[in-house]
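Spelled out from the first residue to the last, the chains are:
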Amino acid sequence: MTLKSIKAEPYELEFDPSRSALIMIDMQRDFVEPGGFGEMLGNDVSLLRSTIEPCRRLLAAARSAGMFVVHTREGHRPDMSDCPPAKRLRGGLECGIGDKGPMGRILVRGEYGHDIIPELYPIEGEPVVDKPGKGAFFATDLDLLLRNREIQTLIVCGVTVEVCVHTTVREGNDRGYECIVPSDCVASYFPEFHRVALEMIKAQGGIFGWVSDSDSIIEAIAG
Ligand code: TIU
């Protein structure tokens, strides 16, 4: 076991690359691409698109190092039987989850908008975890996939930082994983939420985890 360390806040994180996983949260067309559900709701997707290049570089470094990579997608079965009615009704949207949106039925598995953007598309051997909730551990086999590989450290990227990334980091932290979030590989439709979400993770001595950036993590993985 060779321990490496990543420059991070609130302090350096020691990790074993062979027991670490890169988790790409919900880099789906409907959240990230112009013309998708996110933009339809009036959001500026360019804020989310700024993560694509750092995520692409970090993904490439993780793949080169042979690190375990997992992708997640938020969405539901076509018959919506795994979507809580409360989630579907939330917001009172004219066009919401399960309805026909600009890129197919919104957050429904198998639809064009539900899939992962081509820049970060999974390759063979990288599991895709379909999740019905915001957190990647809720009602999925993610914990089993990680435990079977004796994973200890999670590098968590994706969108949005205050919703699915935060929920996943909190869930992972409670399950005993050490979670580190590269600040440039996560984003929010609201810049203030991006800043505060990261502050929350690293406050109080790293109450949920660590915050770093793609360059520092790539340096640690490759070094
Ligand atoms: N993936 C994820 O964060 N799902 C959301 O619904 N996020 C929003 O910020 N709406």
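Quick note: structure is the one above.
So, here is what we can say about the structure in this document. Please read all numbers here as calculations on a predicted model, not as lab measurements. Every chain is numbered independently, its residues counted from 1 as its sequence is written. Residues qualify for local features only when their pLDDT is at least 70, as the model is predicted, and side-chain atom pairs are given and counted only at 80 or more; totals for whole chains, interfaces and linings, by contrast, use all residues. Hydrogens and water are ignored here; the side-chain numbers use all heavy atoms of the structure.

1. Re the side chain of Glu74
No. 1: Note on conventions: DSSP H or I runs of at least 4 residues are helices, E runs of at least 2 residues are strands, and numbering of each starts at the N terminus. If you trace the backbone, Glu74 turns up in strand β4 (residues 68-74).
No. 2: Separated by 2.8 Å, the side chains of Glu74 and Lys87 make a polar contact.
No. 3: Within polar-contact distance, the side chain of Glu74 engages the side chain of Lys134 at 2.7 Å.
No. 4: Two residues form a contact once any of their heavy atoms are found within 4.5 Å. What Glu74 contacts, discounting residues up to four positions off in sequence, is Asp26, Gln28, Phe31, Lys87, Leu107, His114, Lys131, Gly133, Lys134 and Cys164. For this analysis, a polar contact is any N or O atom pair within 3.5 Å, provided that within protein one partner can donate a hydrogen and the other can accept it, and provided that sequence-adjacent residues contribute only side-chain to side-chain pairs.

2. Details of the pattern of salt bridges
No. 1: When a carboxyl oxygen of Asp or Glu is within 4 Å of a side-chain nitrogen of Lys or Arg, the pair counts as a salt bridge. Considering all chains together, one arrives at 15 salt bridges under this definition.
No. 2: Among the salt bridges present, the one from Glu219 reaches Lys7, with a minimum N-O distance of 3.8 Å. One end of the pair, Glu219, is in helix α9 (residues 214-222); the other, Lys7, is in the loop between β1 (4-6) and β2 (13-15), with 212 residues separating them in the sequence.
No. 3: As a salt-bridge pair, Arg195 and Glu192 come within 2.9 Å of each other at their nearest N and O atoms. One end of the pair is Arg195 and the other is Glu192, both in helix α8 (residues 191-206) and three residues apart, which spans about a single turn.
No. 4: Accessible area is worked out with a 1.4 Å probe on protein chains only. A residue is then buried under 20% of its type maximum, exposed over 50%, and partly exposed in between. Taking the relative accessible area as the measure of exposure, Glu192 reaches 46% and is therefore partly exposed.
No. 5: In this structure, a network of salt bridges that share partners links the residues Arg73, Asp115 and Asp130.

3. Structural notes on helix α7 (residues 161-174)
No. 1: Taken together, the buried positions of α7 are Val161, Cys164, Val165, His166, Thr168, Val169, Glu171 and Gly172.
No. 2: A positive phi of about 95 degrees marks Gly176, the residue just after α7.

4. Quick word on the environment of Phe31
No. 1: Within the element layout of this structure, Phe31 appears in helix α1 (residues 29-32).
No. 2: Residue Phe31 is classed as buried on the basis of its relative accessible area of 12%.
No. 3: With 128 residues separating them along the chain, Phe31 and Val159 place their C-alpha atoms 7.8 Å apart.
No. 4: The contacts of Phe31, once residues within four sequence positions are left out, are Asp26, Val45, Leu48, Glu74, Leu107, Val159 and Tyr189.

5. Comments concerning the pairing of strand β3 (residues 20-25)
No. 1: In terms of burial, β3 is a largely internal element, six of the six residues being buried.
No. 2: Alternating residues of β3 divide into Ser20, Leu22 and Met24 and Ala21, Ile23 and Ile25, and every residue in both groups is buried.
No. 3: Two strands form a pair only when DSSP identifies at least two bridges running between them. Relative to strand β8 (residues 153-159), β3 is paired through six bridges, and the arrangement is parallel. Of the residues in β8, the one forming a bridge with Ile23 is Val156.
No. 4: Here five bridges tie β3 to β4, and the two strands are oriented parallel to one another. What sits directly across from Ile25, in β4, is Thr72.

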